[in-house]
Structure formats: C-alpha cells, structure tokens
Amino acid sequence: MTSMELKAGCKVTITITQQTARKQQNGYDKVVKYLSEIFDIKDDGTLVLQAPLDKLKLVVLDTNLRYDFTFSTDKGFLIAQGRILNHYRQGHFFLMDAELMTPPEKFQRREFFRLDCSLHATCLPLGGEKFDPLEITDLDEYLQENVPDYVSAAVGTILNISGGGALFMTERDLTGTEFVLLKIVLDRGEEESDKDTIEIIGRILEQEKNEIAGNYRYRIMFVFRNPRFREKIVQYVFEVQRRLRRKEQGI
C-alpha cells in the first residue's frame with residue numbers, strides 16, 4: 001500500500017504510534033523521532049528503508065510495534081501507519097523492510113485558536129527533566145509527598161490561552177523549573193458562578209524577562225492528564241470569542 005509520490009530518496013521520520021497518540025491526547029511531547037530514507041520500493045509495495053542512526057550508532061526498531069511514517073515528498077508531507085518487517089544488510093547498507101497498514105495521507109497539523117485575555121492564575125513548580133507528569137495517578141497525593149510546604153505558587157496572569165498552552169506572566173523567576181501546576185480561573189462574567197477554576201500541569205517551553213517591568217513571561221505547553229480539561233479550555237475560548245463577535249456586531 002503505497003502512494004505515487006513515494007520514491008527512493010524520500011526522507012522519512014519514524015515515530016512510535018503509541019507515543020504520538022499520547023502526545024496528541026495529553027500534550028506531552030516525549031516522542032522519539034527516528035530519521036530514515038526510502039532506499040527502494042519492492043513490486044509488492046514494501047518499502048525498503050535505511051536503518052536509522054542515533055549518534056552514529058545503528059538503531060534496530062522493534063518489529064512488534066506500530067509506527068507513524070512521515071514522508072517528505074515533492075508535493076509536501078505524507079503520513080501513514082505501518083510496521084517494520086525485518087532488518088538486514090545489503091552490501092554496505094543496513095536496511096529494514098516496512099509495510100504500510102494505512103494509505104499515505106496529506107499531513108495536516110492541528111492548530112488551536114489563541115485567545116488574548118487577562119486571567120488570574122497561580123503557578124506551582126513541580127520538577128525538572130526527570131519528572132514525568134503522566135506517571136502521577138493522584139495529584140493531591142503527589143503534592144503532599146513531593147512538594148515541600150515552603151515551595152509557594154507564583155501569582156500571575158494568563159495573557160493568552162488556547163487548547164494547547166498559555167502565556168503566563170509573573171514577577172517570580174522560575175529558572176530551572178520545567179514542569180509546573182497551573183491553577184487558572186476561567187472568568188466568564190461578573191458573577192462568582194461565572195468563574196471556573198481548573199488545574200493543569202504544564203511544561204515551560206520558553207522564558208523571557210522584561211527588564212523594565214521587572215517580570216517574566218513563560219510560554220507553557222499544557223500536559224493533559226484528562227482530555228476533558230482541553231475540551232473545557234477550547235469551549236471557553238470559543239464562548240469568549242463568540243461573545244466578542246456578538247459585541248462587535250452590536251447584538
């Protein structure tokens with residue numbers, strides 16, 4: 001099962017399907033990418049790929065896993081799922097046969113609409129690069145056992161938000177912190193009943209200091225342990241955007 005656009009020489013990025021699905025569901029970007037290239041295509045459609053390397057060491061991909069193959073073609077990126085059949089050496093080349101289990105389709109990246117806002121929020125440091133938020137089964141229990149009482153949450157403001165992340169501004173320097181617990185108040189109106197507080201684990205992707213104002217801005221990617229939180233944020237963004245459009249139209 002191949003596409004006419006696939007041919008020898010096409011670059012291929014290979015990821016484990018389970019890791020990719022986990023990222024899409026939770027927003028956690030712990031996905032290992034293996035770089036390869038189409039060496040040949042057999043008459044039955046089997047792809048002959050060059051074995052990937054990691055720091056000049058040969059990587060032998062597990063034949064029991066399902067993979068996502070992203071192909072770079074003359075007409076853009078194509079993506080398909082498949083499996084590795086075997087590994088072998090042909091002359092000076094280390095190769096592997098791959099069977100596609102779904103037809104290659106045009107790769108389209110999902111984007112979330114980002115809403116400019118001013119939402120009250122707090123940000124509690126959780127841990128560094130060895131911290132895995134998806135291993136937490138009980139958040140309250142984890143906080144009690146692993147976060148000392150003297151560690152306080154940074155108070156600040158969410159400047160923009162989307163289903164994928166947020167821009168958080170605070171006077172606290174969080175240098176050295178990678179994962180945080182954000183508590184965000186989704187404000188829908190003046191009444192207290194219009195406010196909805198959610199807690200989301202996030203990963204700091206970028207930090208910027210404003211020397212004049214004396215504050216910090218953090219670009220944070222949400223790590224969703226529960227996909228319903230993403231739906232709640234997307235719904236909130238949609239409601240606010242619709243309300244703003246109605247106001248502009250005088251409705």
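For the structure, see preceding data.
Student: Give a description of the overall build of the protein chain that names residues and reports values.
Tutor: If you tally the helices and strands in the protein chain, you get 3 helices and 15 strands. Looking at the protein chain residue by residue over its 251 residues, the buried ones come to 40%. With an accessible surface of roughly 15700 Å², the protein chain has 47% of that area assigned to carbon and sulfur atoms.

Student: Give me the lowdown on helix α2 (residues 139–146), citing residues and values where you can.
Tutor: Inspection of α2 places Leu 139, Tyr 142 and Leu 143 among the buried residues, and these make up the whole buried set. The arc enclosing the buried residues of α2, seen along the axis, measures out at 100 degrees, which places them on a common side. Opposite its buried face, α2 presents the exposed residues Asp 140, Gln 144 and Glu 145, each directed more than 90 degrees away. In this structure Asp 138 caps α2, since a side-chain oxygen of it lies 3.1 Å from the backbone nitrogen of Asp 140.

Student: So what's going on with a negative patch on the surface? Which residues, and what values?
Tutor: Among the surface-exposed residues, Asp 138, Asp 140, Glu 141 and Glu 145 lie close enough to one another that they form a single negatively charged patch. With respect to the element layout, Asp 140 can be found in helix α2. The class of Asp 140 is exposed, set by a relative accessible area of 53%.

Student: Lay out the nonpolar core with the relevant residues and their values.
Tutor: Side chains of nonpolar character tend, in soluble globular proteins, to be buried together. Core analysis: the biggest nonpolar cluster contains 27 residues, and Ile 158, Ile 161, Phe 168, Leu 182, Ile 184, Phe 222 and Ile 233 have the highest contact counts within it. Elements that contribute at least two residues to this core include exactly β10 (115–127), β11 (154–161), β12 (165–170), β13 (179–187), β14 (195–210), β15 (215–223) and α3 (227–248). No other element matches β10, which puts 5 residues into this core.

Student: Residue-level account of a nonpolar patch on the surface, with values.
Tutor: Among the surface-exposed residues, Leu 53, Leu 58, Val 60 and Phe 94 lie close enough to one another that they form a single nonpolar patch of about 380 Å² accessible area. Along the chain, the position of Leu 58 falls in strand β5 (residues 57–58).

Student: So what about the packing of aromatic side chains? Which residues, and what values?
Tutor: This structure, assessed with the given rule, holds 4 aromatic pairs. Measuring from ring centre to ring centre gives 6.3 Å for Phe 69 and Phe 71, while their planes differ by 15 degrees; the resulting arrangement is stacked. Taking relative accessible area as the criterion, Phe 69 reaches 0% and is therefore assigned buried. Exposure remark for Phe 71: the relative accessible area of 0% places this residue in the buried category.

About the cut-offs
- Residues numbered from 1 in each chain as written.
- Predicted model: local features only at pLDDT ≥ 70, side-chain atom pairs only at ≥ 80, totals over all residues.
- Heavy atoms only, no water.
- Helix = DSSP H or I, 4+ residues; strand = E, 2+ residues; numbered from the N terminus.
- Buried < 20%, exposed > 50% of the residue type's maximum accessible area, 1.4 Å probe, protein only.
- Areas by Shrake-Rupley, 256 points an atom, 1.4 Å probe, with all protein chains shown as cover.
- Arc of directions from axis to C-beta.
- Polar contact = N/O pair within 3.5 Å; in protein donor to acceptor, adjacent residues only side chain to side chain.
- Patch = residues over 30% accessible without salt bridge, like charges linked within 9 Å, V, L, I, M, F, W, Y side chains within 5 Å.
- Salt bridge = Lys/Arg side-chain N within 4 Å of Asp/Glu carboxyl O.
- Lys, Arg positive; Asp, Glu negative; His and termini not counted.
- Charge placed at Lys NZ, Arg CZ, Asp CG, Glu CD.
- Core = buried A, V, L, I, M, F, W, Y, C linked by side-chain atoms within 4.5 Å.
- Phe/Tyr/Trp six-rings, centres within 6.5 Å; stacked < 30°, edge-to-face > 60°.

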